[in-house]
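Tertiary structure, described
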Amino acid sequence: MDQDERRQITFDQFMRLERLAKWGTGRQTKLQRLYARWSDARSHRAPGVDQFSRDWIVDARADNPQSFVLPNHTGYYAKSWSSRYLGDFPVTAHAARCGVEYLAARESGEPTCHYLNQRIDGIIREYVRLVLPLADGHLLYGTRILRLRTPPAPAGFA
Amino acid sequence: MDSTFVTTNPDGSADSWRSTDIDLGAIWYWDRGGVLQDAYTLWTRQGPPARDENFRAALNRAIVQRPAGDAALTGLSLFQVDATPDNPFDYRLATPAQPGQSMKLRSIEPPLLRTALMADLNFCKNAGRANYQRITQTIGGETDEYIRLLLPTANRDGAVNHIHGLTRPVTAAMTQTNEMSHGPGRTPANNV
């Protein structure tokens, strides 16, 4: 059976997870670097969308989260979903929940962190996600995969 | 799908909200002769999705016609959501007991409950499909377990603008099996 666990974690918990990921290396994770860039760009208001790569943007200007768009998104379930509506994503329940979480992040105007643990269509994914508000209803998001397991290829496939 | 939302509170405790989708065909088994089955039957006969004004009247009649003291009414809760706004935070929830006192979803606390409810209602509105689930929520250390049916209804143009929710407690038979989603063909009684 498909499973979808979505755990909203505090920013402190998120930072603890990220520190553990690169413990002893003196380096930062991709999400720590993303947060640092966002934090530097934020002075008294949310940073503009043009300050970041399209790869990390959610266009969350619509009122209905099903109409949110990820301008440049390649995923595990739908290989390329760039510039298409979230509501058309093939894993509908996951998309609906993502949409509402993005909407909540937009409304709060604060960094939002989630730990997600999913099994959908045989693909197991465990990851941390950071969502940061930008100006004009856009969001910045990044994920760090903790575990990924895809089903074995059917017999006869190389 | 089995879905869980969890939030950690400042004191370290956690609130959780877990839903398990149940196949709608199983409503004829788990809610046979009950209000949820009646509501679902009315909804399918009128649509789907049914026209809101017609369904609302038919549902009221179906419930009123049940004799006082009918076991199916025990623990039954109903609510209606005006899902006309695009933004789920602005959906308005009302109960038949206080029809004039609706509340916006953005005022629902805690945020865990609000997020879970908004996700399901927004999905139900956009898909135009009924949703039958078993829900277990633990909030502030208190656990509540119930069955919930969501039925989207439409305006004259066919656009979903309301969602009717019905909940009832989980029965003893349901707590004895994890095979709920498959309905009668897979229940322990029929599985021998």
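The notes below deal with the structure included here. (Residues numbered from 1 in each chain as written. Chains lettered and ligands numbered in written order. Predicted model: local features only at pLDDT ≥ 70, side-chain atom pairs only at ≥ 80, totals over all residues.)

When you go through chain A residue by residue, the secondary structure sums to three helices and five strands. Reading chain A from its N terminus to its C terminus gives the helix and strand order β-α-α-β-α-β-β-β. Relative to its length of 158 residues, chain A is compact, with a C-alpha radius of gyration of 16 Å against a globular reference of 15 Å. Once the C-alpha set of chain A is aligned to its principal axes, its extents read approximately 55 × 45 × 25 Å. Sorting the 158 residues of chain A into buried and exposed places 33% on the buried side. For chain A, the proportion of contacts with a sequence separation of at least 24, taken over those separated by at least 6, is 54%. (Helix = DSSP H or I, 4+ residues; strand = E, 2+ residues; numbered from the N terminus. Rg over C-alpha atoms; globule rule 2.2 N^0.38 Å. Buried ≥ 20, exposed ≤ 12 C-beta atoms within 10 Å, placed from the backbone. Contact = placed C-beta atoms within 7 Å.)

Before going further, it helps to examine the nonpolar core. Counting residues in each nonpolar core, the largest one holds 68 residues, and the members touching the most others are Tyr102, Leu130, Leu139 and Leu140 of chain A together with Ala39 and Leu149 of chain B. Among the elements that make up this core, the one with the highest residue count is helix α3 (residues 92–108) of chain A (nine residues). Ignoring sequence-local partners within four residues, the contact set of leucine 149 of chain B consists of Leu36, Ala39, Tyr40, Ala130, Tyr132 and Leu166 of chain B. (Core = buried A, V, L, I, M, F, W, Y, C linked by C-beta atoms within 7 Å.)

All names here are of chain A. Summarising the sheet, strand β1 (residues 3–9) and strand β3 (residues 112–120) pair through seven bridges and their orientation is antiparallel. The partner of glutamate 5 across the bridge, within β3, is asparagine 117. Here β3 hands over to strand β4 (residues 123–133) after two residues, with aspartate 121 in that stretch at a positive phi of 50°. (Pairing = 2+ DSSP bridges.)

In this assembly, 19 residues from chain B lie in contact with 26 residues from chain A. Elements represented by at least two residues in the side of chain B that touches chain A include exactly β1 (2–8) and α4 (111–127) of chain B. Split by residue class, the side of chain B that touches chain A holds nine nonpolar, eight polar and two charged. As defined by bridge partners, β1 of chain A adjoins β1 of chain B across six bridges and the pair is classed as parallel. Paired with glutamine 8 of chain A across the two strands is threonine 7 of chain B, which belongs to β1 of chain B. (Nonpolar A, V, L, I, M, F, W, Y, C, P; charged D, E, K, R; others polar.)

None of this, on its own, says anything about what the molecule does.
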